[in-house]
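Observations on the model geometry
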Amino acid sequence: MMNRSIVYSAISILMMGILSVRPAMAQPKENLTREVEVVKPYTPEVSDFSKINDLPDLSDTLKVQTQFDYSIRSSVAPTEFAPVSLSPVQLEPPVMPLNYRGYLKAGMGNYLSPLAEIYYHPANTKAYSLELFAQHNSSWGEIEMPDGNEVDADNSDTRAGITAKRFFTSSALYGDLNMRYSTWKYYGYNAEPGSVVTNPFTQHGLLPHIRIGYQSVGDKKFTYDLNLNYDYISDAFDNTESDAGLNLKLGSRWKSFDLGMTGNLRFISRGGFSQRDEVTGFQKIDQGSYFRVAPFMKVEREKYILRAGIILDYESFENGDNEIRVAPDVEMIWKALPGNVEIYGNLSGGVIPNTYRNLLEVNPYMYPGWMIPSTAETLHLGAGVRGSPFESKFHYNIKASLSIWENQIFWSHYGLYGSYFIPMMDDARSIDFGAEFMYRHSDRFSAVFQANYHHWMMDVLPEAWHRAPWDTELSLRYNARQKFYVTMDLLLNGPRKISPDYYLIAGESSGSTYQVSELKTIVDLNLKMEYRISDAFSIFVQGKNLLNRHDEIWGYYPTYGIRGLGGITLSF
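Structural notes, computed from the coordinates. (Residues numbered from 1 in each chain as written. Predicted model: local features only at pLDDT ≥ 70, side-chain atom pairs only at ≥ 80, totals over all residues. Heavy atoms only, no water.)

Right, let's get into unusual backbone geometry. Of note in the backbone geometry, F390 takes a positive phi value of approximately 55° without being a glycine. Along the chain, F390 falls in the loop between β16 (375–387) and β17 (394–413). Its relative accessible area of 63% is what places F390 among the exposed residues. Residues other than glycine seldom take positive phi values, yet H466 does so here, at roughly 60°. (Helix = DSSP H or I, 4+ residues; strand = E, 2+ residues; numbered from the N terminus. Buried < 20%, exposed > 50% of the residue type's maximum accessible area, 1.4 Å probe, protein only.)

Okay, here's the thing in structure tokens:
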């Protein structure tokens, strides 16, 4: 059986081989030399791929070599996309929402210095907001003068106000009403050489402020802000001043440009002031109007911001004097390294009306009722570099500027060893350098240091009276576990040249002589500490002039010695 199976298998294999050879043998001999081409449809294969990402990935530009006899003319599609470097978000510890709507602060210090402050805002809604505040601080003490005599140096400042806003769909109606009443003593030396003021007179100022306006909200294509304001002042000598103004701001987006304009119309009326100063020739101005219009165009791109415009100022007075001034208004910012290095520059100018209210805020010991013309900055050229490197923990700003002034203000005494100051005016040029550095380490610690240097070049006056050539400030803030807060400030103000007599300086050409004095550098060290017993209650203490220096902020006006103050703050 086994041999028979083997025979059958051999026969089957032999028959299959014969059948497969017969068709090939039947082909003509000449056809055996033909070429055979096997063609199938081309199926392209991707040699590499990557997952689509949010940011551009250039790995898909790898060239793929093919085996076919044709070529592809390729080009890279242009794109303006460039990722912007964003500063990391500062993570803060979670704060529980509180429903406090206001706070009350009260304290008392030496030199009989009471402090009281209250702030309150009702439940604001999407339709309106309202804020109320009131504040009082004063000192009732004596200051020791350089000759050993003590004199009263009382002063007080009381303020109260209300701010309200009514919201509509795309606009808002807002208003402010503030009232301020301040008193102070002219405790410096009087006009008689070698004597001091034994009973200095008290000056006071009543300063109300009203503003009401209407502005756009939310719409960035077209913005507007129109408001009316009114400021008033009256002093202890029946000198009064009314300052009413109409202010307008417009802005519009046109294609890739921002177009805008600011306008201001002011009307100032005075009463009770001196008619004329015989030395300077400045005449009393009972009424005056000021008009300013400043159109501009702004272009903002990824690497730079450019703003260009002009400032047109017009002044008109009741005595018939009219003047028009035109100044440039140009600003450029180049983001060399966005967030780290920004280079900026500006070119501008303009007129600054000198109101009685503003002059008293600068120097409260000014001769009552003295009025001067406007100050004009005919040219201001500035440049600087700034940035926030190191994950925005560090900020710097280094700048320099050149200014050309007409009728710049300097301060001189009115009479030998006088208690009063007179604003003297001169055309001048100033070169200024400034630097600011800030470091912030989370919410616990921050430090700010800034310094400025000023160089004055006068046309007539021999010195820049009462102008410090340099000033600097160091501020430190520390927060321990949201409970204990420490604030330290150190301020320095360089030596200032002072003149003994205004009339001697003004009459210098007639042969009068005078002696120039210099005030020593001001050094003021202040410290404040606050401890929060709870979210609603805290206590604080603070010390001022901790070095116990009697520096003269103004000539012949030394300051208090060490001042201490303590109190509480209650939230409700």
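Moving on, there is more to tell.
Take the pairing of strand β9 (residues 222–235) next. Note that strand β8 (residues 202–216) and β9 share nine bridges and pair antiparallel. Bridging across to β9, Y214 finds its partner in L226. The hairpin formed by β8 and β9 contains five residues between the paired strands, and G218 there has a positive phi angle of roughly 90°. Bridge count for β9 against strand β10 (residues 240–254) is 13 bridges, and the pairing is antiparallel. Directly across from L226, in β10, lies its bridge partner L248. (Pairing = 2+ DSSP bridges.)

The next point concerns the nonpolar core. Residues Y187, L359, Y365, W411 and Y557 are the most contacted members of the largest nonpolar core, which totals 27 residues. At the level of elements, α2 (356–362), β17 and β18 (421–441) are the ones that each hand at least two residues to this core. For Y557, the residues in contact, after removing those within four places along its chain, are K185, Y186, Y187, G188, Y365, S419, F421, D551 and E552. Counting nine residues, the second-largest nonpolar core is a separate cluster that includes W405, A428, M458 and A464. (Core = buried A, V, L, I, M, F, W, Y, C linked by side-chain atoms within 4.5 Å. Contact = heavy atoms within 4.5 Å.)

A word on the side chain of S171. Of note, S171 is situated in strand β7 (residues 171–185). You can call S171 buried: its relative accessible area is 6%. Of the polar contacts made by the side chain of S171, one reaches the side chain of Y214; its length is 2.6 Å. When neighbours within four sequence positions are excluded, S171 is seen to be in contact with R166, Y214, Q215, S216, V217 and Y224. (Polar contact = N/O pair within 3.5 Å; in protein donor to acceptor, adjacent residues only side chain to side chain.)

Moving on, we come to a negative patch on the surface. A surface patch of negative charge is lined by E142, E144, D147 and E150. Tracing the chain through its elements places E150 in strand β5 (residues 150–152). Residue E150 is classed as exposed on the basis of its relative accessible area, which comes to 53%. (Patch = residues over 30% accessible without salt bridge, like charges linked within 9 Å, V, L, I, M, F, W, Y side chains within 5 Å. Areas by Shrake-Rupley, 256 points an atom, 1.4 Å probe, with all protein chains shown as cover. Salt bridge = Lys/Arg side-chain N within 4 Å of Asp/Glu carboxyl O. Lys, Arg positive; Asp, Glu negative; His and termini not counted. Charge placed at Lys NZ, Arg CZ, Asp CG, Glu CD.)

Tracing the backbone shows H380 in strand β16. On the basis of relative accessibility, which here comes to 19%, the residue H380 falls in the buried class. Put simply, H380 and R429 are 49 residues apart on the chain and 9.9 Å apart in space, counted from C-alpha to C-alpha. With residues up to four places along the chain from it excluded, the contact list for H380 reads N346, L347, S348, S401, L402 and S403. A polar side-chain atom of H380 sits 3.3 Å from a polar atom in the side chain of N346. Within the local environment of H380, its side chain forms a polar contact with the side chain of E377, the two groups lying 3.1 Å apart.

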